[in-house]
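Reading the structure
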Protein chains: 2
Amino acid sequence: METANNLGEREIIETIRKQLSIEPNMPVPFGDDVSAIRQKNGNIAVLKSDMLVGKTDIPPQMSYWQAARKAIVMNISDLAAKGIEPLGLLVSLGIPRSITKRSIVQIGKGLNAGAKEYGTSIIGGDTNETQDLIISIAAFGATKKDVTLRRGAHPGDILATTGLFGLTLPGLKILKEKLSAPLEMRKKFIDAVLMPRARLQEGLALAKTGATTATIDSSDGLAWSLHEISRASNIGFLIDCPPFAQETFEFAKMHNLDPLKLCLYGGEEYELIVTIEPDGWRRAQEAVFGKGGKLLKIGKATVKHAIHLRHDNRMIDIEAKGYEHFKHKR
Amino acid sequence: METANNLGEREIIETIRKQLSIEPNMPVPFGDDVSAIRQKNGNIAVLKSDMLVGKTDIPPQMSYWQAARKAIVMNISDLAAKGIEPLGLLVSLGIPRSITKRSIVQIGKGLNAGAKEYGTSIIGGDTNETQDLIISIAAFGATKKDVTLRRGAHPGDILATTGLFGLTLPGLKILKEKLSAPLEMRKKFIDAVLMPRARLQEGLALAKTGATTATIDSSDGLAWSLHEISRASNIGFLIDCPPFAQETFEFAKMHNLDPLKLCLYGGEEYELIVTIEPDGWRRAQEAVFGKGGKLLKIGKATVKHAIHLRHDNRMIDIEAKGYEHFKHKR
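Residues numbered from 1 in each chain as written. Chains lettered and ligands numbered in written order. Predicted model: local features only at pLDDT ≥ 70, side-chain atom pairs only at ≥ 80, totals over all residues. Heavy atoms only, no water.

What about the environment of arginine 38 of chain B?
All names here are of chain B.
- Its location among the elements puts arginine 38 in strand β1 (residues 35–38).
- Judged by its relative accessible area of 47%, arginine 38 falls in the partly exposed class.
- Sequence spacing of arginine 38 and threonine 143 is 105 residues, and the spatial spacing of their C-alpha atoms is 9.6 Å. (Helix = DSSP H or I, 4+ residues; strand = E, 2+ residues; numbered from the N terminus. Buried < 20%, exposed > 50% of the residue type's maximum accessible area, 1.4 Å probe, protein only.)

Some words on the interface of chain B and chain A
- Residue-level contacts link 76 residues of chain B with 76 residues of chain A.
- Carbon and sulfur atoms make up 61% of the surface buried where chain B meets chain A, a total of about 6700 Å² over both sides.
- Contact with chain A buries surface across chain B, with Arg97, Ile123 and Glu129 of chain B losing the most and accounting together for 11% of the total.
- For the salt bridge of glutamate 23 of chain B with lysine 116 of chain A, the shortest nitrogen-to-oxygen distance reads 3.9 Å. (Contact = heavy atoms within 4.5 Å. Buried area = accessible area lost by both parts, 1.4 Å probe. Salt bridge = Lys/Arg side-chain N within 4 Å of Asp/Glu carboxyl O.)

Looking at the pattern of salt bridges
- Tallied over the entire structure, the rule returns 38 salt bridges over all chains.
- A salt bridge links aspartate 33 of chain A to lysine 82 of chain A, with the nearest nitrogen and oxygen atoms 3.8 Å apart. Of this pair, aspartate 33 of chain A sits in the loop between α2 (9–19) and β1 (35–38) while lysine 82 of chain A sits in the loop between α4 (64–81) and β3 (88–95), and the two are 49 residues apart along the sequence.
- By relative accessible area, which is 1% here, aspartate 33 of chain A ends up buried.
- Residue glutamate 268 of chain B pairs with lysine 70 of chain B through a salt bridge whose shortest N-O separation is 2.4 Å. Here lysine 70 of chain B lies in helix α4 (residues 64–81) and glutamate 268 of chain B lies in the loop between α11 (259–264) and β9 (272–276), a separation of 198 residues in the sequence.
- Assessed through its relative accessible area of 3%, lysine 70 of chain B is described here as buried.
- Where salt bridges share partners, they join Asp32, Asp33, Lys82, Arg150, Glu228 and Arg231 of chain A into one cluster.

Describing the domain arrangement of chain A
Residue and element names in this part refer to chain A.
- One can read the domain layout of chain A as domain 1 (4–143) and domain 2 (158–317).
- Contacts between the two partners involve 25 residues from domain 1 and, on the opposite side, 23 residues from domain 2.
- Across the interface of domain 1 and domain 2, roughly 2100 Å² is buried in total on both sides, 59% from carbon and sulfur atoms.
- Across the contact surface, domain 1 and domain 2 share 1 salt bridge.
- Counting the contacts that link domain 1 with domain 2 gives 8 residue pairs in polar contact (both at pLDDT 80 or more).
- In terms of residue count, α4 provides more of the side of domain 1 that touches domain 2 than any other element does, 11 residues in total. (Domains from an automatic or database assignment. Polar contact = N/O pair within 3.5 Å; in protein donor to acceptor, adjacent residues only side chain to side chain.)

Re the relation of the copies chain B and chain A
- Placing chain B over chain A gives an RMSD of 0.0 Å and needs a rotation angle of 180 degrees, together with 0.0 Å of translation along the axis. Classification of the inter-copy transformation places it as that of a two-fold axis.
- Both copies contact each other with a shared surface, as 100% of the interface residues of chain B are interface residues in chain A too. (Least-squares fit on C-alpha atoms with pLDDT ≥ 70 in both.)

Let's talk about unusual backbone geometry
Residue and element names in this part refer to chain B.
- At aspartate 312, a position not held by glycine, the phi torsion is positive, near 55 degrees.
- As for its position among the elements, aspartate 312 is in the loop between β11 (307–311) and β12 (314–317).
- Even without a glycine there, the phi angle at asparagine 313 is positive, about 60 degrees.
- Its location among the elements puts asparagine 313 in the loop between β11 and β12.

Digging into the sheet that holds strand β10 (residues 296–302) of chain A
All names here are of chain A.
- What the 7 strands build is an open sheet, ordered β7-β9-β6-β10-β8-β11-β12; its pairing is mixed. The open sheet has two edge strands with one neighbour each: β7 (212–217) and β12 (314–317). Pairwise comparison of adjacent strand axes, ignoring direction, gives a mean angle of 25 degrees for this sheet.
- Pairing analysis gives 3 bridges linking strand β8 (residues 236–239) to strand β11 (residues 307–311), with the strands arranged parallel. Looking across to β11, one finds that isoleucine 239 is bridged to leucine 309.
- Contacting β6 (158–161), β7, β8, β9 (272–276) and β11, helix α9 (residues 222–233) crosses the sheet at an angle of about 140 degrees to β7. (Pairing = 2+ DSSP bridges. Axes fitted to C-alpha atoms, helices over the stretch in contact; angles between N-to-C directions.)

Okay, structure coming up:
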């Protein structure tokens, strides 16, 4: 008999989706970074829910404070991709019986710190008894304008990211497999895992320019996220300036690992990946710079429905792989 | 060291709440049935999230279809108490590795059936790997009018419920402890557990009358919910027509149980409990009747801050007890 174990996360989602009567005129299609509802007054309510689970999402070295904050970052990142300001957060907690009062205080403080960091607050929630720690957040925002979807990229659009990739997998390898790294590098990798940051200011600035044609956050990894835009927009990408962190290559060399795998097929990275119409590029870059952020031009959208990346004078075909629950044993 | 086990659910919630910077001007205070955000255009966004957990919320005889539907009922019931129409639902799923594809299909069908039953739909969500089945729902609605809170009841207001209490605890005892009951009675008790119903039409009709002064759903049991309104509104109640199901008394007699405990200190009952200004009573009752529902006058709000119930010519003082996670072993 087929179980969740053989199916994998994406087939489970597809199995559930097939049972649902999906509304035909949703402002955001099922499966994009956020969900949305058009209200009677024309405003669009934007909603996101994402669950942090102890066993799969919290490395042993992560504190309860950091875990609670991360649960918020995960949700804010999806609103950020769509340029939506968070207006309030709900928290559904699942707490194991053995957890101490001190840890519960830390969870509360981490939730509050995460909300404040992104200019919002916790407005309610509920508490339950579970075997493993569960922090399920629902985030709410609203917009008058249409939301930029994953499906709007056109051939010729500029492909850009708000930062570099490849830091979290080395971080996890250091934390879980005890791999070594020089102090500064180690700090940077571990920080990417324990203190991820959502690119909210960047996302809000980009949405205001009106220049983005497709957006996604990169929590399923660079390769997977690029394939998502590619699939949804029916285009491909040619990437000639890959956004790879230099440290990842040094770390890979030290431990005889494939640096491209670390950069492409990671996950739990929270950079935004966007396509921008060529005329709007300068405006978009200046808007993000103005908020103290980065916008790196990494390539362009192509007619050919494939993702090619130029690296070391080789052309590499990027596979549609990424972190998937049930399939990974980490 | 204090753990969740000794603290109990309500102290855990209080511990978390103390760490949060609560917004001072929220349209609905922290801890009411729903949460809300005033939007720039004046509309109030109403949000609710509640989590169904396999071990505590799903009796062994409950199917996956029923469990998924119940997760939705739990959330709709809170919107119903506030008279808010659900406009969309998000689903965060935690799925154990061992679950079969057939069960996943049943979860999808149950989610869809629950959403349709209350005139709404699933607009998004996420899937995760957990040890126990977790179905965390976030429900969204909106209103132009102020939300009726738990704190608006005044002495002299009429206390009413949309139905009778005492069916779910016998149902759980039949399912879990294999207690016996005559066929018809057994069916009714079990139905209350496996197929609970949210009083959405009743709640929407009541809100339109503008006659309610305080409202709550009764998912923590009749006694607890009455105490919640009492605490929030700083009033008491005198109940002279208790809304007790007749079958519960027969069942209690058969098994030598205290029928009042079954009726007062149950939980997972989804009737609405409301206070109504005396002038509005007739209007309120007709509005609910018009939707095919019931509105039972059970007593009135009093100045004295205590909850007294007249039963069999005795006056009983109702304690503030109800189902609480971590404290119950069921």
